[in-house]
Amino acid sequence: MTLETWLALAVGALLGAGAYALYQWREDRKATQANTLVPHRTREVLAALHSGAILVRRDRRAAFSNTPASALGVTRPDGALHPGVADLAEAAWAADAEREDDITVSRGVLGVDSVVHVRVTPLSDDLALAVANDDTERHAAELTRREFAVNVSHELKTPVGALSLLAETIEDSPDDSVMVRQFAKKIRKESRRLTKLIQEIIEISRLQGGESVVDHHLIDFAGVVEEVCEGADMHAEAKQVSLVAELRQRPWVMGDHDLLVMAVRNLVDNAISYSDDASQVTVSLDSSEGAAVLKVIDAGLGIAPEDQERIFERFYRVDAARSRSTGGTGLGLSIVKHVVLQHSGTVELWSKPGVGSTFTIRLTEYTEEP
Ligand code: ADP
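Residues numbered from 1 in each chain as written. Predicted model: local features only at pLDDT ≥ 70, side-chain atom pairs only at ≥ 80, totals over all residues. Heavy atoms only, no water.

Caption draft 1: Main features of the overall build of the protein. When you go through the protein residue by residue, the secondary structure sums to 11 helices and 12 strands. Relative to its 370 residues, the protein shows a buried fraction of 37%. Restricting to contacts in the protein with at least 6 residues of sequence separation, those with at least 24 account for 62%. Carbon and sulfur atoms form 55% of the exposed surface of the protein, whose accessible area is close to 21500 Å². (Helix = DSSP H or I, 4+ residues; strand = E, 2+ residues; numbered from the N terminus. Buried < 20%, exposed > 50% of the residue type's maximum accessible area, 1.4 Å probe, protein only. Contact = heavy atoms within 4.5 Å. Areas by Shrake-Rupley, 256 points an atom, 1.4 Å probe, with all protein chains shown as cover.)

Take a look at the structure:
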């Protein structure tokens, strides 16, 4: 390399270093200026808030942000802002008015995305205040509510459509008395299904409303089982299923009599419905390690492993046609799950296709009698 080349390289390197130092100095000065825009007391107040609070600068960075804002993922300690917050701040400045929106914050491959509600208020030409709160749960609840409404309308359509068709057929052939009687019977069956569906929709809405609906009393759990078995006698007889109650103990539980009857009835009804004719359904009650343990055992169809996780979901059925033909609504097990949850208990399922299923409910046992 010639001397001229060496000199040119050295001058170039010096100029580059100088330009970089100047750039760094300007950036530092900008940051210091922006920081000085936020008085110490304001920082103290914002730092003490439970909500995320960010003072947004015009250059889409944070002049200040508190710890909850970083925890929510809308800003980083180095001042970088979530683009959603920066966009909202620009919109607020443009309108010279408060702007709010829900922002989805990605939590990477391992985390679930969260929804953060952000409200931005312009404070001056240079600063805006963004207040952020986690809205993930409310969003999820809203989504569930909407899905439920869609499912309900879909489920109601089927029996209502069937009723309309049956009525039309009767209208077309009013003189065929055999057919009229046959279709009237079908109308009665569909109406019963519709009534059951509506009752269960009301029940499930009440149960999953978030608040406790349990009317707490000390209850003889064996009495609940006896009541359910007596009520299920006709259903069992119609299918020639022998329904056996094995009450090994009479544990007391704290809870709501009507809700517990409903939950146990749903399990027993299912066990009968999804059993082969002339098989046996056993309802056993025991007490073990401080818990009342109820088992509903059938030797019926069984449930495949992939369906076992889903059958407690609302309106989930393994075989929709079979469920419909047995008068099922797809809400029975969801009601069982929510009743048990409301009683702080557990419900478990063991099942094997072709062998049968056992549903087990465990509730805390109370030793003192009333
Ligand atoms: P349904 O009104 O359809 O019976 P459930 O919520 O009570 O609704 O049950 C959901 C689904 O789980 C049923 O459609 C059925 O496919 C399955 N299931 C429930 N209990 C049993 C059982 N004891 N044996 C086999 N399958 C069952």
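Caption draft 2: Structural view of the packing of aromatic side chains. For the structure on display, the rule yields 2 aromatic pairs. Ring geometry for Phe312 against Phe359: centres 6.2 Å apart, planes inclined by 70 degrees, an arrangement best described as edge-to-face. Of this pair, Phe312 sits in the loop between α9 (305–308) and α10 (320–325) while Phe359 sits in strand β12 (residues 356–366), and the two are 47 residues apart along the sequence. Residue Phe359 is classed as buried on the basis of its relative accessible area of 6%. Seen from the ring of Phe183, Lys186 lies directly overhead, with NZ or CZ sitting 5.0 Å from the centre. (Phe/Tyr/Trp six-rings, centres within 6.5 Å; stacked < 30°, edge-to-face > 60°. Lys NZ or Arg CZ within 6 Å of the ring centre and 35° of its normal.)

Caption draft 3: The site of the ligand, seen in detail. With respect to spatial proximity, 19 residues lie near the ligand, and among them Asn270, Tyr274, Ser323, Thr329 and Gly330 are the closest. In this structure, Asn270 approaches the ligand through a side-chain N or O atom, which is 2.8 Å from an oxygen atom. Within the side chain of Asp298, a nitrogen or oxygen atom sits 2.9 Å from a nitrogen atom of the ligand. Isolated, the ligand exposes 530 Å² of accessible area, and the fraction of that covered by the protein chains is 96%. (Near = heavy atom within 4 Å. Polar contact = N/O pair within 3.5 Å; in protein donor to acceptor, adjacent residues only side chain to side chain.)

Caption draft 4: Looking closely at helix α4 (residues 83–95). Counted at 1.5 Å a residue, the expected span for α4 with its 13 residues is 18 Å, and the 18 Å between its end C-alpha atoms agrees. For α4, the full list of buried residues reads Val85, Ala86, Leu88, Ala89, Ala92 and Trp93. Buried residues of α4 fall within an arc of 160 degrees about the axis and therefore sit on the same side. (Expected span 1.5 Å × (residues − 1). Arc of directions from axis to C-beta.)

Caption draft 5: Highlighting the packing of helix α6 (residues 177–207) against helix α8 (residues 257–273). One can describe the packing of α6 onto α8 by two numbers: an axis separation of 13 Å at closest approach and a directional angle of 120 degrees. In terms of axis orientation, α6 runs oblique to α8. Crossing angle aside, the handedness with which α6 passes α8 is left-handed. Contacts between α6 and α8 pair Glu200, Glu203, Arg206 and Leu207 from the former with Leu259, Met262 and Asn266 from the latter. Classifying every residue of the contact of α6 with α8 gives 3 nonpolar, 1 polar and 3 charged. (Axes fitted to C-alpha atoms, helices over the stretch in contact; angles between N-to-C directions. Parallel < 35°, antiparallel > 145°, perpendicular 65-115°, else oblique. Left-handed = near helix turned anticlockwise from the far one by under 90°. Nonpolar A, V, L, I, M, F, W, Y, C, P; charged D, E, K, R; others polar.)

Caption draft 6: Expanded view of the pattern of salt bridges. All told, the structure shown has 20 salt bridges when counted by the stated rule. Among the ionic pairs, Arg57 bridges to Asp59, the shortest N-O distance being 2.7 Å. In this structure, the salt-bridge partner of Glu142 is Arg145, at a minimum N-O distance of 3.1 Å. Of this pair, Glu142 and Arg145 are both found in helix α5 (residues 136–172), 3 residues apart, which corresponds to roughly one turn of the helix. The network of salt bridges with common partners includes Arg60, Asp87 and Glu90. (Salt bridge = Lys/Arg side-chain N within 4 Å of Asp/Glu carboxyl O.)

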